[in-house]
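Residues per chain, in single letters:
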Amino acid sequence: MPLSPGEKLGPYEITAPIGKGGMGEVYRAHDSRLKRDVAIKVSAAQFSERFEREAQAIAALNHPHICQLYDVGPNYLVMEYIAGAPLHGPLPVDQALKYAIQICDALDAAHKKGITHRDLKPSNILLTRQGIKLLDFGLAKFGSSGITPEPAGATLTMALTGKNEIVGTLYYMSPEQLQAQANGEEIDGRSDIFSFGLVLYEILTGKRAFEGSSPASVIAAIMER
């Protein structure tokens with residue numbers, strides 16, 4: 001059930017909705033103890049595997065261009081509140097490269113911890129006055145660096161709607177990420193680098209690198225062209 005302004009989750013008072021996604025809803029809230037605003041992501045179900053994965057990934061990272069985790073509740077994550085907007089193009093080359101370097105720096109920090117983001121796309125990159133902030137590690141994959149490994153056989157969630165449209169990150173998936181849906185092969189940080197290339201193309205040109213009239217044609221474009 002959606003939360004309304006004035007409702008409380010522990011010491012956090014909801015002030016406004018921010019957004020809604022497949023995992024649940026995100027709200028702006030005020031922490032009465034520390035007198036600061038936070039972002040609260042409330043799970044659509046009890047603390048899910050994807051929520052746990054996101055919490056572990058963010059907690060393992062401490063980087064100026066990655067959203068910080070403050071607290072964990074029974075079905076919610078409390079994170080840094082970021083005043084910003086999703087990264088959009090086209091941008092001037094010098095500006096696009098400035099943000100690209102910051103994205104790469106954040107990804108490098110994650111990859112050095114053995115964390116593959118797997119959901120890199122413009123809507124998960126917020127542009128603030130201080131630069132970019134990388135969000136949403138809900139699909140993160142943990143490698144051999146020794147955080148909590150992914151359960152055996154687990155793959156990236158690709159939900160299908162009633163119209164058989166792939167929901168999520170299709171336009172920004174690497175070929176190996178698409179192949180992993182069928183054969184269960186492992187992917188690593190190199191997949192994020194491919195996705196980063198697609199994001200860079202989009203912020204330079206203002207259009208996606210791969211388009212198609214259907215999910216199947218987009219998959220074909222990524223796999224073949």
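From a predicted model like this one, the values you see are computed outputs, not experimental measurements. (Residues numbered from 1 in each chain as written. Predicted model: local features only at pLDDT ≥ 70, side-chain atom pairs only at ≥ 80, totals over all residues. Heavy atoms only, no water.)

Caption draft 1: Just the environment of Lys141, in detail. Structurally, Lys141 can be placed in strand S11 (residues 141-142). Remark: the alpha-carbon pair of Lys141 and Arg118, spanning 23 residues in sequence, is separated by 7.2 Å. (Helix = DSSP H or I, 4+ residues; strand = E, 2+ residues; numbered from the N terminus.)

Caption draft 2: Just the nonpolar core, in detail. Ranked by internal contacts, the top residues of the largest apolar core, which has 43 residues, are Ile103, Ile115, Leu120, Ile125, Leu134 and Phe137. Looking at this core, the element that brings in the most residues is helix H2 (residues 93-112), giving seven residues. Setting aside chain neighbours within four positions, we find Ile103 in contact with Leu87, Leu120, Ile125, Ile132 and Phe196. Counting residues in each nonpolar core, the second largest holds 11 residues, with Leu3, Leu9, Val38 and Val78 among its members. (Core = buried A, V, L, I, M, F, W, Y, C linked by side-chain atoms within 4.5 Å. Buried < 20%, exposed > 50% of the residue type's maximum accessible area, 1.4 Å probe, protein only. Contact = heavy atoms within 4.5 Å.)

Caption draft 3: Just the packing of H2 against helix H4 (residues 189-205), in detail. Where H2 contacts H4, the axes come no closer than 10 Å and their chain directions differ by 165 degrees. The angle between the axes of H2 and H4 places the two elements in the roughly antiparallel class. Pair H2 / H4 crosses with right-handed handedness. Residue-level inspection shows Val93, Ala96, Ala100, Ile103, Cys104, Leu107 and His111 of H2 in contact with H4, the latter providing Gly189, Asp192, Phe196, Leu200, Ile203 and Leu204. In the contact of H2 with H4, the residues fall into 10 nonpolar, two polar and one charged. (Axes fitted to C-alpha atoms, helices over the stretch in contact; angles between N-to-C directions. Parallel < 35°, antiparallel > 145°, perpendicular 65-115°, else oblique. Left-handed = near helix turned anticlockwise from the far one by under 90°. Nonpolar A, V, L, I, M, F, W, Y, C, P; charged D, E, K, R; others polar.)

Caption draft 4: Inspection of the layout of surface pockets at higher detail. The calculated volume of the second largest pocket comes to roughly 190 Å³. Around the second largest pocket, the lining is made up of 17 residues, and of these Pro122, Ser123, Tyr172, Glu202 and Arg208 lie nearest the centre. Taken together, the residues of the lining of the second largest pocket break down into seven nonpolar, six polar and four charged. (1 Å grid on protein atoms, 1.4 Å probe; cavity = no way out; pocket = protein on both sides within 12 Å on 5 of 7 lines; lining within 4 Å. Points joined across faces, edges and corners; volume = space filled by probe spheres on them.)

Caption draft 5: Up close: helix H1 (residues 49-59). Listed as buried for H1 are Phe51, Arg53, Glu54, Ala55, Ala57 and Ile58. Those residues of H1 that are buried are in contact with strand S4 (36-43), strand S5 (69-72), strand S6 (76-80), strand S8 (115-116) and S11.

Caption draft 6: The sheet that holds strand S9 (residues 125-128), seen in detail. Taken together, the three strands give an open sheet; going across it, the order is S7-S9-S10, and neighbouring strands pair in antiparallel fashion. Strands at the two margins of the open sheet, each flanked by one partner only, are strand S7 (85-86) and strand S10 (131-134). In this structure, S9 lies alongside S10, joined through four bridges in antiparallel fashion. Bridging from a neighbouring strand, Leu126 pairs with Lys133 of S10. (Pairing = 2+ DSSP bridges.)

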